[in-house]
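In case you want the letters, here they are:
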Amino acid sequence: MLVDSHAHIDTSRFHADREAVISAAFEGRVTRIVDPGCDLASSQFALSLAKAHPGNVFAGVGTHPHDATTYTDEVGLQYRQMAREPEVVAIGEFGLDYFRMLSPREVQRAVFCAHLELARECDLPCIIHVRDSHDDVLELLRTHGKGLRGVFHCFSGNVAQAEECLSFEDFMLSFAGPLTRQGNALPEVARMVPLDRVLVETDSPYLIPQPLRARRNEPLFVKYVAEKLAAIRSMTFEEIAQVTTANAVRLFGLGE
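A quick note: this is a predicted structure, and the numbers were derived from the prediction, not measured.

**Student:** Is there a simple way to explain the environment of His153 in this structure?
**Tutor:** Topologically, His153 is positioned in the loop between strand 6 (150-152) and helix 6 (159-166). Each C-alpha atom of the pair His153 and Phe175 lies 7.1 Å from the other, and the pair is 22 residues apart in sequence. The contact partners of His153, leaving out residues within four places of it in the chain, are His6, Glu93, Ile127, Ile128, His129, Ser174, Glu201 and Asp203. A distance of 3.4 Å separates the side chain of His153 from the side chain of His6, its partner in a polar contact.

**Student:** Got a minute to help me understand the side chain of Thr244 in this structure?
**Tutor:** The residue Thr244 is located in helix 9 (residues 237-252) in this model. Looking at Thr244, its side chain comes within polar contact range of the main-chain oxygen of Ile240, at 2.8 Å. From its side chain, Thr244 meets the backbone oxygen of Ala241 in a polar contact 3.4 Å long.

**Student:** What's the story with the pairing of strand 3 (residues 57-61) in this structure? I'm lost.
**Tutor:** Note on strand geometry: in a regular strand, side chains alternate between the two faces of the sheet. The buried count for strand 3 comes to five of five residues, which makes it a mostly enclosed element. The alternating pattern of strand 3 places Val57, Ala59 and Val61 and Phe58 and Gly60 on opposite faces, both of which are buried. Across four bridges, the pairing between strand 2 (residues 30-36) and strand 3 is parallel. By the bridge assignment, Ile33 is partnered in strand 3 with Val57.

**Student:** Before we go on, may I ask you to explain the sheet that holds strand 8 (residues 198-200) in this structure?
**Tutor:** As a general point, the strands of a sheet are linked pairwise by backbone hydrogen bonds and lie either parallel or antiparallel. On the basis of which strands lie adjacent, the open sheet formed by eight strands has the order 1-2-3-4-5-6-7-8 and parallel pairing. One side of each edge strand has no neighbouring strand; the edge strands of this open sheet are strand 1 (2-4) and strand 8. Strand-to-strand, the axes of this sheet are offset by a mean angle of 30°, without reference to chain direction. Note: strand 6 against strand 7 (residues 171-175), three bridges, orientation parallel. Paired with Gly150 across the strands is Phe171, a residue of strand 7. Along the sheet face, helix 5 (residues 134-144) touches strand 4 (88-97), strand 5 (126-131), strand 6 and strand 7 and points at about 145° away from the line of strand 5.

**Student:** Would you take a moment to explain the side chain of Glu87 for this structure?
**Tutor:** Positionally, Glu87 belongs in the loop between helix 3 (73-82) and strand 4. A distance of 3.3 Å separates the side chain of Glu87 from the side chain of Lys51, its partner in a polar contact. The contact partners of Glu87, leaving out residues within four places of it in the chain, are Leu47, Ala50, Lys51, Phe58 and Ala59.

**Student:** Could you clarify how one ought to interpret the nonpolar core in this entry?
**Tutor:** Nonpolar side chains in soluble globular proteins tend to be buried together. Counting 65 residues, the largest nonpolar core has Phe112, Ile128, Leu141, Phe152, Leu173 and Phe175 as its most contacted members. No other element matches the six residues that helix 8 (residues 222-232) contributes to this core. What Phe112 contacts, discounting residues up to four positions off in sequence, is Phe94, Gly95, Leu96, Ile128, Val137, Leu140 and Leu141. Counting residues in each nonpolar core, the second largest holds 14 residues, with Val3, Val89, Ala248 and Leu254 among its members.

**Student:** Is there a simple way to explain the packing of helix 4 (residues 105-122) against helix 5 in this structure?
**Tutor:** Geometry of a packed helix pair, given as the angle between the helix axes and the separation of the axes. For the pair helix 4 and helix 5, the least separation of the axes is 11 Å and the interaxial angle reads 40°. Our classification of the angle between helix 4 and helix 5 gives oblique. As for the relative orientation of helix 4 and helix 5, their crossing is right-handed in sense. Seen from helix 4, the contacting residues are Arg105, Arg109, Phe112, Cys113, Leu116 and Arg120; seen from helix 5, they are Asp136, Val137, Glu139, Leu140, Leu141 and His144.

**Student:** Could you clarify how one ought to interpret the pattern of salt bridges in this entry?
**Tutor:** When the charged atoms of two side chains lie near each other, side chains of opposite charge can form a pair. Tallied over the full model, the rule gives ten salt bridges. With a shortest N-O distance of 3.9 Å, Glu106 and Arg109 are connected by a salt bridge. Highlighted residues: Glu106 and Arg109, both in helix 4, separated by three residues, approximately one helical turn. The exposed category is assigned to Glu106, whose relative accessible area is 57%. What makes Arg109 buried here is its relative accessible area of 16%. Where Arg149 meets Asp123, a salt bridge forms, and the shortest distance between an N and an O atom there is 3.0 Å. Here Arg149 is found in the loop between helix 5 and strand 6, whereas its partner Asp123 is found in the loop between helix 4 and strand 5, with 26 residues between them in sequence. Residues joined in a network through salt bridges with shared partners are Glu106, Arg109, Asp136 and Glu139.

Reading guide: rules and limits
- Residues numbered from 1 in each chain as written.
- Predicted model: local features only at pLDDT ≥ 70, side-chain atom pairs only at ≥ 80, totals over all residues.
- Heavy atoms only, no water.
- Helix = DSSP H or I, 4+ residues; strand = E, 2+ residues; numbered from the N terminus.
- Contact = heavy atoms within 4.5 Å.
- Polar contact = N/O pair within 3.5 Å; in protein donor to acceptor, adjacent residues only side chain to side chain.
- Buried < 20%, exposed > 50% of the residue type's maximum accessible area, 1.4 Å probe, protein only.
- Pairing = 2+ DSSP bridges.
- Axes fitted to C-alpha atoms, helices over the stretch in contact; angles between N-to-C directions.
- Core = buried A, V, L, I, M, F, W, Y, C linked by side-chain atoms within 4.5 Å.
- Parallel < 35°, antiparallel > 145°, perpendicular 65-115°, else oblique.
- Left-handed = near helix turned anticlockwise from the far one by under 90°.
- Salt bridge = Lys/Arg side-chain N within 4 Å of Asp/Glu carboxyl O.

Here it is in structure tokens:
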């Protein structure tokens, strides 16, 4: 039993076989999938998928930093209305991305703060994207995020950065395909993160885990991330599956 805590199954790369991909995940013991929106349209589609798969697919609503220039007060109002639906379990994906800089820095920061306020109003966890923006994300969280909960999705930093993120007591770290690859600090991070604050995800259709050579990631493949995490922690796959599932259920309110 696993939860893929972050998978963009609403994207066009799944249009040809989306239902088959979802079925394959469920048959492979991935019992629940959280699909975070990246803009208004994808948030709406994620919600429609969640309604079509009650109890198995859940939605987040939010605007990705790449699309921050598309965020308006009206979009925020629509997110607020959508967040009343029981299938919406998070605000996000939102954050700061200074690697590609597809939206101006100040726009990203303003939209980040708007999402924090939305999460507070809706009493929902945050799904936060951080890329080359660690210091600014933590600065804004310290200033505007007191009392909030959530996850730093697809964590990619080092141990010191992980410790800073974990200083926010109600936030978790999520690992994806990069944990299975060479040449990063993630195994060290995975060894030190408290077990009650760790999630696994695919970030489908991106970040295919090794040793797969597929062209597209999908929720079924979250098992490879869980297997790697289990090996790093000297635990069984079943133990890691149980821990990460319990964490996702608790953070997102996914039922039993």
